[in-house]
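# Fold and geometry: a report
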Amino acid sequence: MSRRTGKRKEAAPTRAGAASCTVTVCRGCCCGTPKIPGVDHAAQFAALRRAVPDGAQVRVTGCLDSCERANVIVVQPSAAGRAAGGRPVWLGLVDDEDAARDIAAWIEAGGPGLADPPGVLGLYAFSPSRRVRAELPGG
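Residues numbered from 1 in each chain as written. Predicted model: local features only at pLDDT ≥ 70, side-chain atom pairs only at ≥ 80, totals over all residues. Heavy atoms only, no water.

### Some remarks on the sheet that holds strand β3 (residues 73-76)
Strand-to-strand pairing in sheets goes through backbone hydrogen bonds, with the strands running parallel or antiparallel. Basically, it comes down to this: Any two strands between which DSSP finds at least two bridges are classified as paired. Here a helix means four or more residues in a row that DSSP labels H or I, a strand means two or more in a row labelled E, and each is numbered from the N terminus. Residue contacts are defined here by distance: any two heavy atoms, one from each residue, within 4.5 Å place the two residues in contact. Axes here refer to lines fitted to C-alpha atoms; in helices the fit is confined to the stretch in contact. Angles between the N-to-C directions go from 0 to 180 degrees.
If you walk across this open sheet you meet the five strands as β2-β1-β3-β4-β5, and the pairing is mixed. For this open sheet the edge positions go to β2 (57-61) and β5 (125-126), each flanked by a neighbour on one side alone. Where β3 and strand β4 (residues 89-91) come together, three bridges link them in antiparallel fashion. The partner of I73 across the bridge, within β4, is L91. Sheet contacts for helix α1 (residues 41-51): β1 (22-26), β2 and β3; angle to β2, the most-contacted strand, approximately 155°. Against the sheet, helix α3 (residues 99-109) engages β1, β3 and β4, with an angle of about 10° to β3.

### Remarks on the pairing of β2
Applicable threshold: Looking down the strands as they point away from you, a crossover is right-handed if its path from the first strand over the helix to the second goes clockwise.
Pairing geometry for β1 and β2, over five bridges, is parallel. Bridging from a neighbouring strand, C26 pairs with T61 of β2. Crossover handedness for the path β1 to α1 to β2: right-handed.

### Some points on the packing of aromatic side chains
Spelled out, the test is: For this analysis, a ring pair means two rings from Phe, Tyr or Trp (six-membered ring only for Trp) whose centres lie within 6.5 Å, classed as stacked if their planes differ by under 30 degrees, edge-to-face if by over 60, and tilted for the remaining angles. Buried means the residue's accessible area, taken with a 1.4 Å probe over protein chains only, is under 20% of the maximum for its type, while exposed means over 50%, and partly exposed covers the values in between.
Scanning all chains against the criterion turns up one aromatic pair. Here W90 and F126 contribute two aromatic rings whose centre-to-centre distance is 6.0 Å and whose plane-to-plane angle is 75°, an arrangement assigned as edge-to-face. Placement of W90 in strand β4 and of F126 in strand β5 is noted, with a sequence separation of 36 residues between them. Side by side, W90 and F126 carry an identical accessibility label, which is buried.

### Examining the nonpolar core
This is how the line gets drawn: The nonpolar core is taken to be a set of buried Ala, Val, Leu, Ile, Met, Phe, Trp, Tyr and Cys residues, with the residues joined through side-chain atoms within 4.5 Å.
Counting residues in each nonpolar core, the largest one holds 20 residues, and the members touching the most others are V23, L48, I103 and I107. A per-element tally of this core places α3 first, with five residues. Excluding anything up to four places from it in sequence, V23 contacts L48, V52, Q57, V58, R59, I73, V74, I103 and I107. Listed in part, the twelve residues of the second largest apolar core include C30, C31, V39 and W90.

Here you go:
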């Protein structure tokens, strides 16, 4: 309800995918660089982008300051997931080719707050420091 008019606000129309999950891929000082050998980082990112359902965003960010867990990916919940109690899930050491497929399947099922991650993704999950979490846009 608006304080000025006392009337209820109309919900803003949503576009397709506007309420979907966001996947943030670290590509800072360690993630996505030759410091993590044996991984085709460009191919990993392209596979992730192709694999996520329509409407989900995949974006790149600079260093997330969790270098000891490179490559780091953060899956942020949709609006519905956040309303259901979902919070961003940080995944580290994501160097496996199948991870993109698992992340995409989780998002397709609803993502954080709405669906449990596939079993193997639980092995990648970690909790960054409060300071690091606060620096992530939308985190």
